[in-house]
Amino acid sequence: MIGNIGGEARRPGRIEVVCGSMFSGKTEELIRRMRRAEFAKQKVEIFKPAIDTRYSEEDVVSHDRHAIPSTPIDSSASILLLSSDIDVVGIDEAQFFDLGLVDVCNELANRGVRVIVAGLDMDFRGVPFGPMPALCAIADDVTKVHAICVKCGNLAYVSHRMVDDERRVLLGETQEYEPLCRECYQKAVGKEK
């Protein structure tokens, strides 16, 4: 542990992943961790994919409408260019980034940067999504958060898509997706076939 000017201890570089289904609080947890780093007088920068304009073109915004300023980018390589002299890097909606994000996060952590990544671990079909599986594998810490199944109240397993669209990436909200537990998801996809 290394002390900083504010008296708080700063950990050497590390990768923290917050993953789960939609509506599970991933972005809320990312915002919470980034705000704590700001309170500790650490230099922070948050990145999000430029394609995610659901609530704001610039800010990272949770479903509960909590927001924090961010830098929208098109490729993971931009993170390295824009994060020099930063103590903590936050990355939201990581599943939408290219697979190069894994190397970017490793490089940052190896430089002594704390990297906090939030994203969906699976797509609407229950398939591991984008760079998230590899990020979970290299992370120093993985936090799996859960929404509540809207059908039965158990812990949700996956984000079930309720609209007929087979594209892997379809930005949406409660009109397009619902969190379901494994059992309710199996029933839902069984009815769709």
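The following refers to the structure shown. Computed from a predicted model, the values in this text were never measured in an experiment. (Residues numbered from 1 in each chain as written. Predicted model: local features only at pLDDT ≥ 70, side-chain atom pairs only at ≥ 80, totals over all residues. Heavy atoms only, no water.)

### Concerning the pairing of strand 11 (residues 158-161)
Each regular strand shows side chains that alternate between the opposite faces of the sheet.
Here comes step 1: Of the two faces of strand 11, the one carrying Val-158 and His-160 and the one carrying Ser-159 and Arg-161 are both buried.
Here comes step 2: With four bridges joining them, strand 11 and strand 12 (residues 177-180) adopt antiparallel strand pairing. The residue of strand 12 that forms the bridge with Arg-161 is Tyr-177. (Buried < 20%, exposed > 50% of the residue type's maximum accessible area, 1.4 Å probe, protein only. Helix = DSSP H or I, 4+ residues; strand = E, 2+ residues; numbered from the N terminus. Pairing = 2+ DSSP bridges.)

### Focus: helix 3 (residues 101-110)
Here comes step 1: Looking at helix 3, one finds that the buried residues are Leu-101, Val-102, Val-104, Cys-105, Leu-108 and Ala-109. Seen end-on, helix 3 carries its buried residues on one side only, within an arc spanning 165 degrees. Seen from the buried face of helix 3, the exposed residues on the opposite side, beyond 90 degrees, are Asp-103 and Asn-110.
Here comes step 2: Structurally, helix 3 contributes buried residues whose contacts are with strand 3 (14-20), helix 2 (77-82), strand 8 (88-91), strand 9 (114-120) and helix 4 (132-138).
Here comes step 3: Just downstream of helix 3 lies Gly-112, where phi reads positive at about 100 degrees. (Arc of directions from axis to C-beta. Contact = heavy atoms within 4.5 Å.)

### Things to note about the sheet that holds strand 4 (residues 44-49)
Here comes step 1: Strand order in the open sheet formed by six strands is 7-4-8-9-3-10, and the pairing between neighbours is parallel. Looking at strand neighbours, the two that pair on one side only are strand 7 (71-73) and strand 10 (141-145), the edges of this open sheet. On average, adjacent strands in this sheet sit at an angle of 20 degrees to one another, irrespective of strand direction.
Here comes step 2: Across four bridges, the pairing between strand 4 and strand 8 is parallel. The partner of Phe-47 across the bridge, within strand 8, is Ile-91. (Axes fitted to C-alpha atoms, helices over the stretch in contact; angles between N-to-C directions.)

### Here we look at the pattern of salt bridges
Opposite charge on two side chains permits them to pair, given that their charged atoms come into close proximity.
Here comes step 1: Following the criterion strictly, the structure yields ten salt bridges and no others.
Here comes step 2: Put simply, Asp-85 and Lys-43 hold a salt bridge, and the shortest N to O gap is 2.9 Å. Pair noted here: Asp-85 is in the loop between helix 2 and strand 8 and Lys-43 is in the loop between helix 1 (26-39) and strand 4, with a separation of 42 residues, a long-range link. (Salt bridge = Lys/Arg side-chain N within 4 Å of Asp/Glu carboxyl O.)

### What about the pairing of strand 9?
Here comes step 1: Burial of strand 9 is extensive: six of the seven residues sit out of reach of the surface.
Here comes step 2: Of the strand pairs in this sheet, strand 3 and strand 9 are connected by seven bridges, and their pairing is parallel. Opposite Val-18, over in strand 9, you have Ala-118 as the bridge partner.
Here comes step 3: Looking at chain direction, strand 8 and strand 9 are connected through four bridges and run parallel. Within the sheet, the bridge partner assigned to Val-88 lies in strand 9 and is Arg-114.
Here comes step 4: Between the parallel pair strand 8 and strand 9, the chain is carried across by helix 3, and the sense of this crossover is right-handed. (Right-handed = clockwise from strand over helix to strand, strands pointing away.)

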